[in-house]
Amino acid sequence: MAETHVLFVEDDDVIREATQLALERDGFTVTAMPDGLSGLEAFRADRPDIALLDVMLPGMDGVSLCRRIRDESTVPVIMLSARADSIDVVLGLEAGADDYVTKPFDGSVLMARIRAVLRRFGHAGGAGAGDGGREEAATGGVLTFGDLEVDTDGMEVRRAGAPVALTPTEMRLLLEFSSAPGTVLSRDKLLERVWDYGWGGDTRVVDVHVQRLRTKIGQDRIETVRGFGYKLKG
């Protein structure tokens, strides 16, 4: 099986070279670029399995690069941000990123996040597109919620008969909701089930993804239960 190909875009030479070496030691194939424009060119030329994007990049910033990648692909994207409380984190997630890691980061933390994202996307250490599904969430048949149809076999979603394009992370999130309609799912539970976090994570990741999902399946389809979490209306 081919090695997983990582696109790493980082303008700091020391961080870029050190992280590239660490990723390669861990068995990844790495294309490292110093700015957003060259990163976009490398993405289009190489079609990597995952992209790691620094938020602050010359030429084209990481948020804009993420948005351009998301316009063309559902490949997983992890943003690297120097400030955990920065608005850049939310902007990156809203642009289509699947997760983020705060700089300076521990190498083991970055590797754990990468592998968690790859598991969610169906990668098992090699290249290839994942089906984005979670077998435990829902199996077999078409689930219907008003004008929303979720095909858990074909991993397809339709709203009023029209196909809805979801990223694999959004699909996994919807599968969690559709497997237990009317049941409140806490943010921590969703982080554990969808993002594969075995540790505490930033619940903003959940909130932004829920909002992105709402824009695609209907704002009133997922209800916020204040102080507890979210639930899918049956």
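As the structure is a prediction and not an experimental result, all values here were calculated from the model.

**Student:** Go over the sheet that holds strand β7 (residues 148–151) with me, naming the residues and quoting the values.
**Tutor:** With antiparallel pairing, four strands are arranged side by side in an open sheet as β6-β7-β8-β9. Only two strands of the sheet have a single partner each, and these edge strands are β6 (142–145) and β9 (162–164). Strand-to-strand twist in this sheet, taken as the mean axis angle between neighbours without regard to direction, amounts to 25 degrees. Sitting on the sheet, helix α6 (residues 168–178) touches β6, β7 and β8 (156–159), and the angle it makes with β7 is about 105 degrees.

**Student:** Could you give me a rundown of the packing of α6 against helix α8 (residues 204–217), with the residues and numbers involved?
**Tutor:** At their nearest, the axes of α6 and α8 sit 10 Å apart, and the two run at 85 degrees to each other. As the angle between them shows, α6 and α8 are arranged roughly perpendicular. On α8, the residues touching T169, E170, L173, L174 and F177 of α6 are H209, V210, R212, L213, K216 and I217.

**Student:** Go over the sheet that holds strand β3 (residues 50–54), please, and point to the residues and values.
**Tutor:** If you walk across this open sheet you meet the five strands as β2-β1-β3-β4-β5, and the pairing is parallel. Here the strands that pair on one side only, and so sit at the sheet edges, are β2 (29–33) and β5 (99–102). Between one strand axis and the next, the sheet turns through 20 degrees on average, direction left out of account.

**Student:** Kindly report on the side chain of E170, identifying the contributing residues and their values.
**Tutor:** When you line up the elements, E170 lands in helix α6. When neighbours within four sequence positions are excluded, E170 is seen to be in contact with A165, R212, L213 and K216.

The rules behind these values
Residues numbered from 1 in each chain as written. Predicted model: local features only at pLDDT ≥ 70, side-chain atom pairs only at ≥ 80, totals over all residues. Heavy atoms only, no water. Pairing = 2+ DSSP bridges. Helix = DSSP H or I, 4+ residues; strand = E, 2+ residues; numbered from the N terminus. Axes fitted to C-alpha atoms, helices over the stretch in contact; angles between N-to-C directions. Contact = heavy atoms within 4.5 Å. Parallel < 35°, antiparallel > 145°, perpendicular 65-115°, else oblique.

Nothing here speaks to function; it is geometry throughout.
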